[in-house]
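Examination of the molecular architecture
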Amino acid sequence: MPKCKFYRECQSQAVTQMQHTNMPLCKTHFLRYMESRVMKTIETYKLINFQDPDEKVLVAVSGGKDSQTLLTILHQVLKNKVPMEALYIEIGISPDSYSHDSEKVAKQLCDDLGVPFHVLNVHDRVGYDMDKIHQLGKILTRGKSRSKNKRFRGECSYCGLFKRYYINFFAIHNGFTKVATGHNLTDEATQLLSNFFSVDTELMSRAGPSTSRGVEGLVDRIKPLFYIYETELILYSYYGNVPHLPTECAYAGDSPMIRVKRSLEKVESFRRGTMMNMVRDFQKQLRPILSKTIPEEKQAVNKCKKCGMTTYLEVCSFCRTENRLREDLQKYHIIEES
Ligand code: AMP
Ligand code: ZN
Ligand code: ZN
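Residues numbered from 1 in each chain as written. Chains lettered and ligands numbered in written order. Predicted model: local features only at pLDDT ≥ 70, side-chain atom pairs only at ≥ 80, totals over all residues. Heavy atoms only, no water.

**Here's the deal with the overall build of the chain**
Helix and strand counts for the chain come out as twelve helices and ten strands. Rg of the C-alpha trace for the chain: 21 Å, near the compact-globule value of 20 Å for 338 residues, within the 12% margin. Along the three orthogonal principal directions, the C-alpha set of the chain runs to about 70 × 45 × 45 Å. The buried share of the chain, reckoned over its 338 residues, is 48%. A sequence separation of at least 24 residues applies to 70% of the contacts in the chain between residues at least 6 apart. About 18000 Å² of surface is accessible on the chain, with carbon and sulfur atoms providing 52% of the total. On the chain, the mean spot of the 49 positive side-chain charges and the mean spot of the 39 negative ones are 5 Å from each other. (Helix = DSSP H or I, 4+ residues; strand = E, 2+ residues; numbered from the N terminus. Rg over C-alpha atoms; globule rule 2.2 N^0.38 Å. Buried < 20%, exposed > 50% of the residue type's maximum accessible area, 1.4 Å probe, protein only. Contact = heavy atoms within 4.5 Å. Areas by Shrake-Rupley, 256 points an atom, 1.4 Å probe, with all protein chains shown as cover. Lys, Arg positive; Asp, Glu negative; His and termini not counted. Charge placed at Lys NZ, Arg CZ, Asp CG, Glu CD.)

Dropping the structure here:
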């Protein structure tokens with residue numbers, strides 16, 4: 001490894017070379033460089049309004065390396081310039097003690113950094129959890145491909161829907177103006193490529209470091225790690241001693257998205273910077289053009305008849321899915337009728 005090239009005076013041995021620029025960096029300067037890139041994304045895309053006295057950021061923490069590193073970097077770069085708290089959604093995944101251990105490690109980091117930590121327990125809200133949904137999946141799919149099954153869309157789909165809904169729910173009810181998630185460049189490049197495969201121009205035009213919807217009742221979501229590779233986050237968590245749970249969720253399986261990601265990583269291995277160039281140039285060049293082809297929000301904004309949250313429908317998609325799951329869970333005696 002060559003010498004660190006962060007600035008001329010640094011004579012330390014480099015520990016890594018940047019994926020997209022090849023710049024060699026020592027441990028200290030690698031950590032600082034990562035933090036400065038996250039701050040640059042925040043400033044360039046105005047992810048946080050430092051002038052707004054009401055600005056309050058909720059970091060969605062899962063205990064995994066991405067959101068744990070996000071919290072660590074935000075704590076470092078924001079330096080009390082804006083109030084920041086963390087939320088963990090306890091979704092009830094018991095194999096390998098997954099949810100229990102995830103919560104523990106998320107809380108540990110928040111305690112270390114002095115960031116207020118909140119937990120929202122899904123079972124307390126709806127009376128069932130991911131373990132029960134997994135049991136239902138086994139009955140409804142009988143081992144067949146989940147993507148082809150209309151009654152069961154797969155654990156990850158329900159888990160994602162529940163988490164998105166309750167993160168927004170918590171943020172709205174507690175006066176947060178932004179929700180920060182740990183989505184990284186590798187996630188974004190994978191998503192972009194998948195959406196391109198199905199030529200979903202609407203989804204492609206919505207991809208970006210922030211989803212500023214400007215709709216009351218829907219909190220803005222921000223992705224400060226939008227331009228950071230997953231491999232760089234692994235290195236940051238290693239050199240920065242960021243506590244996190246390295247295990248994968250037992251219900252995740254080998255999804256098509258994971259296979260697209262692996263293919264993209266293969267391309268990245270012989271064309272350094274592919275993901276960065278693709279995502280950055282898409283944001284600069286293609287997204288503005290695509291956005292013009294998408295009609296403005298067609299439907300009026302409503303309050304969900306069941307839960308009162310903001311939706312474009314009469315009953316929100318969370319309530320409709322939750323209702324159907326409950327009916328099936330009762331039908332197969334996985335939970336009792338209420
Ligand atoms: P995933 O879709 O699991 O890769 O998660 C994407 C992002 O959602 C993470 O980086 C977190 O910011 C957030 N997230 C995932 N799981 C949870 C959870 N259980 N509680 C709170 N936030 C979560
Ligand atoms: Zn250095
Ligand atoms: Zn609803």
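From this point, the narrative continues.
**Quick look at helix α2 (residues 65–78)**
Here α2 contains 14 residues, and its C-alpha end-to-end distance of 19 Å stays within 8% of the 20 Å for a straight helix at 1.5 Å per residue. Taken across its 14 residues, α2 has twelve buried, putting it largely inside the fold. Turning to α2, its buried residues are Lys65, Asp66, Ser67, Gln68, Thr69, Leu70, Leu71, Thr72, Ile73, Leu74, Val77 and Leu78. (Expected span 1.5 Å × (residues − 1).)

**Observations concerning the state of the cysteines**
Per the counting criterion, the structure on display carries zero disulfides. Unpaired in terms of disulfides, Cys156 finds its nearest cysteine sulfur in Cys249, a separation of 6.4 Å. Residue classification places Cys156 among the partly exposed residues on the basis of a relative accessible area of 47%. (Disulfide = S-S within 2.5 Å.)

**Thoughts on the coordination of the zinc ion (ligand 2)**
In the first shell of the zinc ion (ligand 2), the protein supplies Cys4 (SG), Cys10 (SG), Cys26 (SG) and His29 (ND1), at 2.0 to 2.3 Å from the metal. Around the zinc ion (ligand 2), the four donor atoms sit at angles spanning 98 to 116°, and that spread fits a shape best called tetrahedral. Sequence positions of the donors to the zinc ion (ligand 2) reduce to the motif C-x5-C-x15-C-x2-H. (Donors = N, O, S within 2.8 Å, 3.2 Å for Na, K, Ca; no water. Tetrahedral: all angles 85-135°; square planar, octahedral: opposite > 155°, others 65-115°.)

**Here's the deal with the packing of aromatic side chains**
Evaluated as defined, the whole model comprises 15 aromatic pairs. Ring geometry for Phe6 and Tyr7: centres 6.1 Å apart, planes at 75°, overall edge-to-face. Overall, Tyr7 belongs to the partly exposed group, its relative accessible area being 42%. Ring centres 6.2 Å apart and planes at 65° place the aromatic pair Tyr128 and Phe162 in the edge-to-face group. Remark: Phe162 occurs in helix α6 (residues 155–173) and Tyr128 occurs in the loop between α4 (122–126) and α5 (130–141); sequence separation between them is 34 residues. Note on Tyr128: relative accessible area 0%, which makes it buried. Joined through ring pairs, the aromatic side chains of Tyr128, Phe162, Tyr165, Tyr166, Phe169 and Phe318 make up one cluster. (Phe/Tyr/Trp six-rings, centres within 6.5 Å; stacked < 30°, edge-to-face > 60°.)

**Remarks on the coordination of the zinc ion (ligand 3)**
Distances from the zinc ion (ligand 3) to its protein donors, Cys304 (SG), Cys307 (SG), Cys316 (SG) and Cys319 (SG), fall at 2.2 to 2.3 Å. Around the zinc ion (ligand 3), the four donor atoms are arranged such that angles at the metal cover 104 to 118°; this shape is classified as tetrahedral. Sequence spacing of the donors to the zinc ion (ligand 3): C-x2-C-x8-C-x2-C. For the pair Cys316 and Cys319, one class covers both residues: buried.

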